[in-house]
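Below, each chain spelled out in residue letters.
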2 protein chains.
Amino acid sequence: MDNGKVGDKRHLRSIMTRQKLLGVAKEIFLEEGFQAAVISQMIKKANIGYGTAYVHFKGKEDLLIVLMENIMEQFYEIAETSFFPKSKGEAKHTINKQANAFLKMAEAERNMMQVFEQAIGISTVISDKWKAIRMKFIQRISKDVAYAQQNGLARAELNHELVAKGWFFTNEMYLWEIVRNDHQRSIEEIAQTITSVYFEGLYL
Amino acid sequence: MDNGKVGDKRHLRSIMTRQKLLGVAKEIFLEEGFQAAVISQMIKKANIGYGTAYVHFKGKEDLLIVLMENIMEQFYEIAETSFFPKSKGEAKHTINKQANAFLKMAEAERNMMQVFEQAIGISTVISDKWKAIRMKFIQRISKDVAYAQQNGLARAELNHELVAKGWFFTNEMYLWEIVRNDHQRSIEEIAQTITSVYFEGLYL
DNA sequence: TTAACTTATTGACATTGTGTCATATTCTTT
DNA sequence: AAAGAATATGACACAATGTCAATAAGTTAA
């Protein structure tokens, strides 16, 4: 008597249909990109009736959002680790580590992130999802900067939110560059360089 | 006997048709955004035959590119002013001024820039145009950084191209934030804050 | 076991938008 | 004024989307 109703055959089939479509959608998004991906193509490849797709998902956007959930989760995890450095050295080390982790995401999930980047430009819903992630990061960094300022580690005359945004923006743009595979240098070197400028510019 | 053929009536009418369409296109892009703007609507409002639009422009993209030419020109101008600072003070002042000018563009042309931002996400051609502008900026900044390093004004251990990109990225993201009218602080304060962190982080 | 009910699937259809092309119009040249 | 050239036109073919009434498949309960 499974509460999730998974025992019954009907519901099971429904789930399989959904999964089949999701799987094919991922393939096609990766092949074609968000823009060019076409729902009817997915439907055909998944071997389901046309209308069926719309029973399970509202449309292309909806499909991608589900496919992105995993990746977005990971971003939230990185964003959530705030830190309270006791020394300059500790701060620098942690900042560098976080920048590195952030940029590594781009590399690890490059293909889906490429699709995601396109989709951000096109779909309001998806763009909002990314904005939420961005906000999370900025808030966390902002808090970190304020903490460092209060403890005499960082230049107090700077507005911590503006600083936080500026720092995140550099990271984000490098993220997309890595996603596009446009970067010439290793992720480590990128992380180290931007961390160095940011750190020397902000910390005392 | 004007070489540009502007003397003849036929060609003149053609030009007027083109202008009429461009004018209407601008209106509609501003009202609807790039995504939602619809060519047939423009054609209707411009009171021209459907096919006529396609005689003058290849499509929506093409129309927007022409409308953006003026703005893109201005960006190139900002990007082109390289500088060779003799002192730390001069460098800081110039950097701040340039950041300011860049961000002011966002404000001055906010409406068309909003359309542009959307279009970058959607159209490859337009995205490429923006990439070219970005590259121009990065090259110029890169050169400036290298110069400052060679003259003992800036930390020489940093890769100048990575630094230049990071700095431009911060500027660019703030540009879009201002375009979206999402910024809380004045442009001057933003420019000053990011310049300060960048400057103290890079210069000796 | 079967009739009534619930859930899932289906594809034809209406809708919206695009770009093309043969044809018509307007102007220029000879 | 006839031939020729440049412009303009809208009907048409195409591509993709999302909806919905009809159907199929599975479950329940007498």
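Conventions used here
- Residues numbered from 1 in each chain as written.
- Chains lettered and ligands numbered in written order.
- Predicted model: local features only at pLDDT ≥ 70, side-chain atom pairs only at ≥ 80, totals over all residues.
- Heavy atoms only, no water.
- Helix = DSSP H or I, 4+ residues; strand = E, 2+ residues; numbered from the N terminus.
- Rg over C-alpha atoms; globule rule 2.2 N^0.38 Å.
- Buried < 20%, exposed > 50% of the residue type's maximum accessible area, 1.4 Å probe, protein only.
- Domains from an automatic or database assignment.
- Buried area = accessible area lost by both parts, 1.4 Å probe.
- Salt bridge = Lys/Arg side-chain N within 4 Å of Asp/Glu carboxyl O.
- Least-squares fit on C-alpha atoms with pLDDT ≥ 70 in both.
- Contact = heavy atoms within 4.5 Å.
- Near = heavy atom within 4 Å.
- Polar contact = N/O pair within 3.5 Å; in protein donor to acceptor, adjacent residues only side chain to side chain.
- Nonpolar A, V, L, I, M, F, W, Y, C, P; charged D, E, K, R; others polar.
- Axes fitted to C-alpha atoms, helices over the stretch in contact; angles between N-to-C directions.
- Parallel < 35°, antiparallel > 145°, perpendicular 65-115°, else oblique.
- Left-handed = near helix turned anticlockwise from the far one by under 90°.

**Re the overall build of chain A**
A tally of helices and strands in chain A yields nine helices and zero strands. Secondary structure elements of chain A occur, N-terminal to C-terminal, as α-α-α-α-α-α-α-α-α. At 21 Å, chain A has a C-alpha radius of gyration far larger than the 17 Å of a compact globule built from 204 residues. Principal axes of the C-alpha set define a box for chain A whose edges measure 65 × 45 × 25 Å. Considering chain A as a whole, with its 204 residues, one finds that 50% of them fall into the buried category.

**Quick look at the domain arrangement of chain A**
Residue and element names in this part refer to chain A. Partitioning chain A into domains gives domain 1 (9-57) and domain 2 (62-202). In this structure, domain 1 and domain 2 have C-alpha centres spaced 32 Å apart. In terms of surface lost to domain 2, no three residues of domain 1 exceed Phe29, Phe34 and Phe57, which account for 49% of the buried area on that side. At the boundary of domain 1 with domain 2, the tally comes to zero salt bridges.

**A short note on the relation of the copies chain B and chain A**
By a simple turn and slide, chain B fits onto chain A: the slide is 0.0 Å along the axis, the RMSD is 0.1 Å, and the turn is 180 degrees. Both copies are brought into coincidence by an operation consistent with a two-fold rotation axis. Comparing interface residues between copies, 97% of those in chain B also lie at the interface in chain A; the contact surface is shared.

**As for the protein's contact with DNA strand C**
Neighbouring DNA strand C are 21 residues; Arg10(A), Thr17(A), Gly49(A), Arg10(B) and Tyr54(B) lie closest to it. What you see for DNA strand C is that sugar and phosphate hold 66% of its atoms within 4 Å of the protein. Between Lys9(B) and DNA strand C, the recorded distance is 3.0 Å, taken from a backbone N or O atom to a phosphate oxygen. Listing elements by their share of the surface near DNA strand C, those giving two or more residues are α1 (9-36) and α3 (50-56) of chain A together with α1 (9-36), α2 (39-46) and α3 (50-56) of chain B. Of the residues contributing to the surface near DNA strand C, the split by class is seven nonpolar, eight polar and six charged.

**Focus: the packing of α1(A) against helix α2 (residues 39-46) of chain A**
All names here are of chain A. Running from N to C, α1 and α2 point in directions that differ by 130 degrees, and their axes come no closer than 9 Å. On the basis of the axis angle, α1 is oblique to α2. Viewed along their axes, α1 and α2 form a crossing whose handedness is right-handed. For the pair α1 and α2, the contacting residues are Lys20, Leu21, Val24, Ala25, Glu27, Ile28, Phe29, Glu31 and Glu32 in the first and Gln41, Met42, Lys45 and Ala46 in the second. Considered class by class, the residues forming the contact of α1 with α2 number seven nonpolar, one polar and five charged.

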